[in-house]
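# Examination of the molecular architecture
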Amino acid sequence: MDIEASTNRAMAGVVELNPGGRGRRHSGIGNEGSVGASLIETADLDVGQPAADMADVEDTILMPAADGVELVWQPVRDARDGGAILYHEALARFPDEMDREASPARHVEALERLGLAPAFDRGIVGRVIEELRTDPFAVLGVNISAQSADTGGWWPDVALLLREHSGIARRLVIEITETAPYPSISQAIAFAAEARALGCRVALDDFGVGHASLRSMLALSPAIIKIDALFVRAAASSTAAGAMFRHLVGLAVSTGALVVAEGVETPEQAARALDAGATWQQGYLHGRPSRVRGHEIRAQPDRLAASCPATREFRA
Ligand code: G
Ligand code: MN
């Protein structure tokens, strides 16, 4: 389906039913009923998608714009002595999901099935840029769907904002998740190049489990590659799984990218990842996603620049 057309159609329904474009849900618990029900009905008729997916659309598209989504920060640290913070990944949390570890993955997957992830991403990217603007010491990663890796869509507005506020782009890591395929790989390449030219770091997220991850690893030339948690978790289970983890990290390192092992929960996993070459790590061992924005957990804004040039030669 054409993403832009489907976004416009669905957004037309949203705007019509919610004059002013602000969400409901500030109370957090429950569904006030009529707006939600009519949106589902209308959208179901107009777009012809399952009602459950449309309920997710209502939450996920309206809430970031309405500040209804909370952003928590999780550090990416140097696993060697000191545990220096490279940046924090800003993770979206929905207020009705009281378990603060809950990931929005389920909602995002519903949006991706509908081709609507870019509308959600736009809201979150805006929120993250706002945090970077108000806090000159923040260095943040934001997740976007592969569906958003496009020089059309929301990118021109964001690029303009980044140009106007110099110094923000170099503190922004754009993590592209590949749970959905790229609508166009040539668009994704152009998107990554433009983001890089502005000074942003492009990261390939969930490496090893996404769509087309080897192709995009070569084509997008990401500054950062994040190895999916699956591999470090499995690594201890057998010699073969351990070897696979080591090789996967080695493959990522060989591109010249800065490599982050995700989902590190134990000292043993940290040691194994470090030994494999994943100097940078993220996971509960190194810090849980948190609301805290305190200075004691700050990243050094220059560390990202020093550790990870936005552009580099492909070394493999
Ligand atoms: O796809 P991405 O890597 O951006 O997803 C991050 C998600 O993983 C977040 O929802 C976060 O809360 C969760 N997470 C972060 N670190 C850990 C960890 O060490 N263990 C587990 N199980 N989940 C984690
Ligand atoms: Mn991520």
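Residues numbered from 1 in each chain as written. Chains lettered and ligands numbered in written order. Predicted model: local features only at pLDDT ≥ 70, side-chain atom pairs only at ≥ 80, totals over all residues. Heavy atoms only, no water.

## A word on the side chain of glutamate 112
Along the chain, the position of glutamate 112 falls in helix α4 (residues 105–114). In this structure glutamate 112 is buried but unpaired, with arginine 113 as the nearest side chain of opposite charge at 7.6 Å. Among the polar contacts listed, one links the side chain of glutamate 112 to the side chain of serine 145, at a separation of 2.7 Å. If near-sequence neighbours (up to four positions away) are discounted, glutamate 112 is found in contact with Ala117, Ser145, Gln147, Thr177, Thr179 and Ala180. (Helix = DSSP H or I, 4+ residues; strand = E, 2+ residues; numbered from the N terminus. Buried < 20%, exposed > 50% of the residue type's maximum accessible area, 1.4 Å probe, protein only. Lys, Arg positive; Asp, Glu negative; His and termini not counted. Salt bridge = Lys/Arg side-chain N within 4 Å of Asp/Glu carboxyl O. Polar contact = N/O pair within 3.5 Å; in protein donor to acceptor, adjacent residues only side chain to side chain. Contact = heavy atoms within 4.5 Å.)

## Some thoughts on the sheet that holds strand β6 (residues 224–227)
Ordered by their spatial adjacency, 8 strands build a closed barrel running β1-β2-β3-β4-β5-β6-β7-β8, and the pairing between neighbours is mixed. Pairing analysis gives 8 bridges linking strand β1 (residues 70–78) to strand β2 (residues 85–93), with the strands arranged antiparallel. Paired with glutamine 74 across the bridge in β2 is glutamate 89. The strands touched by helix α7 (residues 185–198) within the sheet are β3 (140–145), β4 (172–177) and β5 (201–207), with β4 carrying the most contacts at an inclination of about 165°. (Pairing = 2+ DSSP bridges. Axes fitted to C-alpha atoms, helices over the stretch in contact; angles between N-to-C directions.)

## A word on the site of ligand 1
Neighbouring residues of ligand 1: 17 residues in total, closest Glu89, Arg93, Glu262, Glu265 and Tyr284. Tyrosine 284 is positioned with one of its backbone polar atoms (N or O) 2.8 Å from an oxygen atom of ligand 1. Summarising the interface, the protein chains cover 78% of the accessible area of ligand 1, which totals 520 Å² for the free molecule. Breaking the shell around ligand 1 down by element, the ones donating at least two residues are β2 and β5. For the shell around ligand 1, the element with the most residues is β2, which contributes 3 residues. Looking at the shell around ligand 1, its residues break down into 4 nonpolar, 5 polar and 8 charged. (Near = heavy atom within 4 Å. Areas by Shrake-Rupley, 256 points an atom, 1.4 Å probe, with all protein chains shown as cover. Nonpolar A, V, L, I, M, F, W, Y, C, P; charged D, E, K, R; others polar.)

## Here we look at the environment of alanine 306
Turning to its location among the elements, alanine 306 is positioned in helix α12 (residues 301–307). Look at alanine 306 and you get exposed, because its relative accessible area is 68%. On a C-alpha basis, the gap between alanine 306 and leucine 86 in space is 9.9 Å, while along the polypeptide they are 220 residues apart.

## Things to note about the coordination of the manganese ion (ligand 2)
In the first shell of the manganese ion (ligand 2), the protein supplies Glu89 (OE), Asn143 (OD1), Glu175 (OE) and Asp205 (OD), at 2.0 to 2.2 Å from the metal. Along the chain, the residues that donate to the manganese ion (ligand 2) are spaced as E-x53-N-x31-E-x29-D. With a gap of 30 residues between them, glutamate 175 in strand β4 and aspartate 205 in strand β5 connect regions that are remote in the sequence. Per residue, the accessibility class of glutamate 175 equals that of aspartate 205, and both read buried. (Donors = N, O, S within 2.8 Å, 3.2 Å for Na, K, Ca; no water.)

## A closer look at the packing of α7 against helix α8 (residues 213–220)
Running from N to C, α7 and α8 cross one another at 45°; their axes reach a closest spacing of 10 Å. When the axes of α7 and α8 are compared, the pair comes out oblique. Here the hand of the crossing between α7 and α8 comes out right-handed. Along the contact surface, α7 presents Ile185, Ala188, Ile189, Ala192 and Arg196, while α8 presents Arg215, Ser216, Ala219 and Leu220. For the contact of α7 with α8, a count of residues per class yields 6 nonpolar, 1 polar and 2 charged. (Parallel < 35°, antiparallel > 145°, perpendicular 65-115°, else oblique. Left-handed = near helix turned anticlockwise from the far one by under 90°.)

## Quick word on the environment of arginine 201
Note on placement: arginine 201 falls in strand β5. A C-alpha to C-alpha distance of 7.3 Å links arginine 201 and isoleucine 224, two positions 23 residues apart in sequence. Not counting residues up to four positions away in its chain, the partners in contact with arginine 201 are Arg170, Leu172, Val173, Ile174, Ala223, Ile224, Leu304, Ala305, Cys308, Pro309 and Ala310. Within the local environment of arginine 201, its side chain forms a polar contact with the backbone oxygen of glycine 199, the two atoms lying 3.0 Å apart.

## What to know about the environment of proline 289
Examined against the element boundaries, proline 289 turns out to sit in the loop between β8 (280–281) and α12. With a relative accessible area of 13%, proline 289 lands in the buried category. Sequence separation between proline 289 and histidine 88 is 201 residues, and the spatial gap between their C-alpha atoms is 9.0 Å.

## Remarks on the packing of helix α10 (residues 239–254) against helix α11 (residues 267–276)
Running from N to C, α10 and α11 point in directions that differ by 50°, and their axes come no closer than 9 Å. One element, α10, and the other, α11, form an angle in the oblique class. Between α10 and α11 lies a crossing of right-handed hand. Taking contact as the criterion, the partners of Gly242, Phe245, Arg246 and Val249 in α10 are, on α11, Arg272, Ala273, Asp275 and Ala276.

## Overview of unusual backbone geometry
Note on backbone geometry: most residues besides glycine have negative phi, and most peptide bonds are trans. One non-glycine residue, aspartate 206, adopts positive backbone phi at about 50°. Mapped onto the elements of the fold, aspartate 206 is located in strand β5. Relative accessible area serves as the criterion here: at 17%, aspartate 206 is assigned to the buried category. The backbone of serine 221 shows a phi angle near 50°, a positive value even though the residue is not glycine.

## Focus: the nonpolar core
Counting 61 residues, the largest nonpolar core has Ile176 and Ile227 as the members making the most contacts within it. If you tally residues by element for this core, the top one is helix α5 (residues 117–134), at 7 residues. Those residues in contact with isoleucine 227 that lie beyond four places of it in its chain are Phe207, Phe245, Leu248, Val249, Ala252, Val259, Val260, Ala261 and Glu262. Ile85, Trp280, Ala299 and Cys308 belong to the second largest nonpolar core, which has 15 residues in total. (Core = buried A, V, L, I, M, F, W, Y, C linked by side-chain atoms within 4.5 Å.)

The quantities given are spatial measurements derived from coordinates; they are silent on function.
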